[in-house]
Amino acid sequence: MHRVVIRMILITLMLSVPVMAQSDVYPFDDVHGYPHYNLSGTGMALGVSPSLAGVAVTNPAAMTEWPANLAGIAYHAESSVDPGSSNSYHMRRARWRPSMIGVVEPWMEAGVGLGYVQRYNRLTQGSSSGSPYYEEVLVEGLASCMSQRYDLKRAGAFDLGVRIEYLRMYYSYGTRDLAGGPANSGELEDTFYGWAVGARWKRQFKHFRVEIGSQYETFTGVNATMSMRYASREVHAQLPTAIHTGLILGDLPWVDLVLGWSHIRYSEVSDNLNDRDDFSASVVWRGPAAMRVNLGAWTSGIDEQDNDDSELNTVYLQTGISYQIDNALMEIALADSHFLGGEYRKQTILRLAVSYTMH
């Protein structure tokens, strides 16, 4: 009899212990966390445009574009958006931090750059079946770039560059039961690397200027187990490989034209995503003195294999202005997707940037 009682006690204890289930998560499969590098006060295409604050993301071959020591910083502010449910919303994590910082040092026919960048930034809060939850993802790090210029005489100039990135990922997830019991939460920190190669050609013709550039960037990833109170999560964090190509037609009457194309391999992020092509275009008016005003647009979205993606895709309309005061270049740019955005991508973004030439 006592054996039966012992068995019943053991069975009861086993049933009372929470089951340690595992689930696979892909932190970078939400398009809301990817920064908007195309937003600029001077017109921007990642494959060709030199961006001082964006040293860590722009074509590394553009480091030879600056003739003096420079430093720049950029800050982004954006409204929260609904990521796909009326019970949740998305916003930036650590909003007080700058989004990009860059320093460039010219050396003979070469250029060396060092930069800080946020590669992914998302805080999602909401409720599922009435139970509140949150998910935080932040990827930030340092990048070192170097480029070399080759003078082609009458054929223009050709630049080659390389970039290496050291990135840190912070991931956190948590829920609380309906009765207000203990939170089921956990966090994970890990590091990974990225690298890029780029090329850029520039030539001044009699009545206009042509610049063509392209960069290829790729990343290692993080595959780790995050322990939680009642379950564990298998975290598969992989930023997508991308090719960014750009064209600048400069010194046209009154304006410059900046065009960009990006092929992003989101299929590396998650098996549920397709690769995607995004486009950007800007017209930059050369105003009096050192003032530039631009109007432009770019596409942004993500393509899920089994779902209608129309609510996750959008077109951002942007305007920006830059002005040179002595050694300082100041930029302000504003973008909005309420007019052409999907239901879950309506957003307003502000970018402030300043760069300074150090002779």
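Residues numbered from 1 in each chain as written. Predicted model: local features only at pLDDT ≥ 70, side-chain atom pairs only at ≥ 80, totals over all residues. Heavy atoms only, no water.

## Quick word on unusual backbone geometry
Point 1. Of note, the phi angle at Lys-153 is positive, near 60°, even though the residue is not glycine.
Point 2. Relative to the helices and strands, Lys-153 is located in the loop between β6 (131–151) and β7 (157–175).
Point 3. Phi at Trp-254 takes a positive value of approximately 75°, unusual for a residue other than glycine.
Point 4. What makes Trp-254 exposed here is its relative accessible area of 61%. (Helix = DSSP H or I, 4+ residues; strand = E, 2+ residues; numbered from the N terminus. Buried < 20%, exposed > 50% of the residue type's maximum accessible area, 1.4 Å probe, protein only.)

## Quick word on the environment of Val-210
Point 1. Among the secondary structure elements, Val-210 is positioned in strand β9 (residues 209–219).
Point 2. Each C-alpha atom of the pair Val-210 and Leu-257 lies 9.9 Å from the other, and the pair is 47 residues apart in sequence.
Point 3. In contact with Val-210, other than residues within four places in its own chain, are Trp-201, Lys-202, Arg-203, Phe-205, Leu-247, Ile-248 and Leu-249. (Contact = heavy atoms within 4.5 Å.)

## Regarding a nonpolar patch on the surface
Point 1. On the surface, Ile-73, Ile-101, Tyr-323, Ile-325, Met-330 and Val-354 cluster together into a nonpolar patch covering about 460 Å² of accessible area.
Point 2. Of note, Val-354 is situated in strand β20 (residues 348–358). (Patch = residues over 30% accessible without salt bridge, like charges linked within 9 Å, V, L, I, M, F, W, Y side chains within 5 Å. Areas by Shrake-Rupley, 256 points an atom, 1.4 Å probe, with all protein chains shown as cover. Salt bridge = Lys/Arg side-chain N within 4 Å of Asp/Glu carboxyl O.)

## Topic: the pattern of salt bridges
Point 1. All told, the structure shown has 22 salt bridges when counted by the stated rule.
Point 2. The partner of Arg-209 in a salt bridge is Glu-211, and the shortest N-O contact between them spans 2.7 Å. No difference in accessibility class separates Arg-209 from Glu-211, as the two residues are buried.

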